[in-house]
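# Close look at the chain arrangement
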Amino acid sequence: SIGAWAFKECSSLTSVTIPNSVTSIGEYTFEGCSSLTSVTIPNGVTSIGEYAFSNCSGLSEIILPNTVETVGEYAFQHCTGLALTTLPSKLKTIKQRAFRYCSGIVDLTILSDVLTALPNDTFDQAVNLERIDIYSQQLTSIGNTCFYSDLKLNEIIIRRITPPSITTSTFNLTGISNGTGYIYVPDESVTAYQTATNWSTYAAQIKGISELPTE
């Protein structure tokens with residue numbers, strides 16, 4: 001493992017290749033490395049600790065390998081240049097505020113089918129997020145203000161057949177809450193989502209996946 005606080009605030013660090021022997025990245029490991037632009041994480045890493053890359057504002061290149069199972073609280077907060085497009089297939093746990101203020105994320109696919117929750121503020125103020133596609137059939141909850149102030153978020157695809165729980169503020173200040181966006185769910189589940197607690201607020205905006213616009 002790379003221990004906690006190992007490279008915290010190393011402002012001259014620009015690029016990192018993590019050795020193949022590493023299986024975990026500790027808390028605050030690269031926190032505040034403001035000049036860090038690229039990180040190579042090998043297959044074999046299973047966990048990324050809390051605040052591990054927080055405030056790495058220059059970080060733009062990183063791929064999370066399919067071995068990653070846990071992303072800690074605030075792990076990528078304020079990584080404003082990070083243009084993630086996918087989260088890996090074995091990801092089980094995302095802690096709250098993991099991708100807060102990640103304004104570089106525009107179109108994100110969460111490939112995991114074992115992810116059980118998107119907790120509070122996961123993508124809070126990811127202000128350029130326009131689309132998210134969530135594959136997990138194990139997803140049971142999407143937390144409070146999960147997408148708070150993601151004003152461009154106009155397309156959410158949720159592939160779980162049974163509606164996960166949401167709160168009254170899960171989609172606050174998004175294209176969903178202001179009425180311009182749509183939520184796409186399995187065709188056979190449209191009515192279940194339209195009548196579920198808190199989902200019913202957006203009943204007119206819930207459509208079947210078969211209605212997804214084609215490019």
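The structure this text deals with has already been given above.
The following refers to the structure shown.

Rules used in this analysis
Residues numbered from 1 in each chain as written. Predicted model: local features only at pLDDT ≥ 70, side-chain atom pairs only at ≥ 80, totals over all residues. Heavy atoms only, no water. Helix = DSSP H or I, 4+ residues; strand = E, 2+ residues; numbered from the N terminus. Rg over C-alpha atoms; globule rule 2.2 N^0.38 Å. Contact = heavy atoms within 4.5 Å. Areas by Shrake-Rupley, 256 points an atom, 1.4 Å probe, with all protein chains shown as cover. Pairing = 2+ DSSP bridges. Right-handed = clockwise from strand over helix to strand, strands pointing away. Axes fitted to C-alpha atoms, helices over the stretch in contact; angles between N-to-C directions. Salt bridge = Lys/Arg side-chain N within 4 Å of Asp/Glu carboxyl O. Buried < 20%, exposed > 50% of the residue type's maximum accessible area, 1.4 Å probe, protein only. Core = buried A, V, L, I, M, F, W, Y, C linked by side-chain atoms within 4.5 Å. Polar contact = N/O pair within 3.5 Å; in protein donor to acceptor, adjacent residues only side chain to side chain. Phe/Tyr/Trp six-rings, centres within 6.5 Å; stacked < 30°, edge-to-face > 60°. Lys NZ or Arg CZ within 6 Å of the ring centre and 35° of its normal.

The subject of this paragraph is the overall build of the protein. Along the protein, the regular secondary structure elements total one helix and 15 strands. Compactness check: the protein gives a C-alpha radius of gyration of 17 Å against a globular reference of 17 Å for 215 residues, within 12% of the reference. By its C-alpha atoms, the protein is 50 × 30 × 30 Å across when sized along the principal axes. In the protein, 42% of the contacts between residues at least 6 apart in sequence involve partners at least 24 apart. Counting every atom, the protein has about 9,000 Å² of accessible surface; 47% of that belongs to carbon and sulfur.

Time to look at the pairing of strand S14 (residues 182–185). Where strand S13 (residues 155–158) meets S14, three bridges bridge the pair, whose relative direction is parallel. Across the sheet, the residue bridging to Ile156 is Ile183, located in S14. Regarding topology, helix H1 (residues 190–195) serves as the crossover connection from S14 to the parallel strand S15 (residues 206–208), and that connection is right-handed.

What follows deals with the sheet that holds strand S1 (residues 15–17). Two pairing modes exist for strands in a sheet, parallel and antiparallel, and in both the strands are linked by backbone hydrogen bonds. Ordered in space as S1-S3-S5, the three strands form an open sheet in which the pairing is parallel. Sheet topology places S1 and strand S5 (61–63) at the edges, where each strand pairs with a single neighbour. The mean inter-strand angle of the sheet, taken between neighbouring strand axes irrespective of direction, is 15°. For strand S3 (residues 38–40) and S5, the ladder comprises three bridges, and the chain directions are parallel. Within S5, the residue paired with Val39 across the bridge is Ile62.

What follows deals with the pattern of salt bridges. For the structure on display, the rule yields nine salt bridges. The closest approach of N and O atoms between Lys8 and Glu9, which form a salt bridge, is 3.7 Å. Relative accessible area serves as the criterion here: at 53%, Glu9 is assigned to the exposed category. The salt bridge involving Arg97 is made with Glu73; its shortest N-O contact spans 3.9 Å. Of the two residues, Arg97 sits in the loop between strand S8 (93–94) and strand S9 (107–110) while Glu73 sits in the loop between strand S6 (70–71) and strand S7 (86–87), which places them 24 residues apart along the sequence. By relative accessible area, which is 18% here, Arg97 ends up buried. Here the salt bridges share partners, and the residues they tie into one network are Asp107, Arg131, Asp133, Glu155 and Arg159.

With that settled, the discussion passes to the nonpolar core. Phe53, Phe76, Phe99, Leu118 and Phe123 are the most contacted members of the largest nonpolar core, which has 59 residues in total. For this core, the secondary-structure elements that each account for two or more residues are S9, strand S11 (131–134), S13, S14 and H1. Phe123 has contacts with Phe99, Leu108, Ile110, Leu118, Leu129, Ile132, Cys146, Phe147, Tyr148 and Asp150, leaving out every residue within four places of it along the chain.

Within the secondary structure, Ser38 is located in strand S3. For Ser38, the side chain forms a polar contact with the side chain of Ser15, separated by 3.1 Å.

This brings us to the packing of aromatic side chains. A ring pair, where both rings are aromatic, is described by two values, the distance of the centres and the angle of the planes. Throughout the structure, instances matching the rule amount to 13 aromatic pairs. Their ring planes at 15° and their centres at 4.6 Å tell us that Tyr51 and Tyr74 sit as a pair that is stacked. With Tyr51 in the loop between strand S4 (47–48) and S5 and Tyr74 in the loop between S6 and S7, this residue pair connects regions lying 23 residues apart in the sequence. For the ring pair Phe76 and Phe99, a centre distance of 5.5 Å and an interplane angle of 5° mean the geometry is stacked. Taken as a pair, Phe76 in the loop between S6 and S7 and Phe99 in the loop between S8 and S9 lie far apart in primary sequence, 23 residues in all. In this structure Phe76 comes out as buried when scored by relative accessible area, which is 0%. The ring of Tyr182 has Lys207 lying over it, and the distance from NZ or CZ to the ring centre is 4.2 Å.

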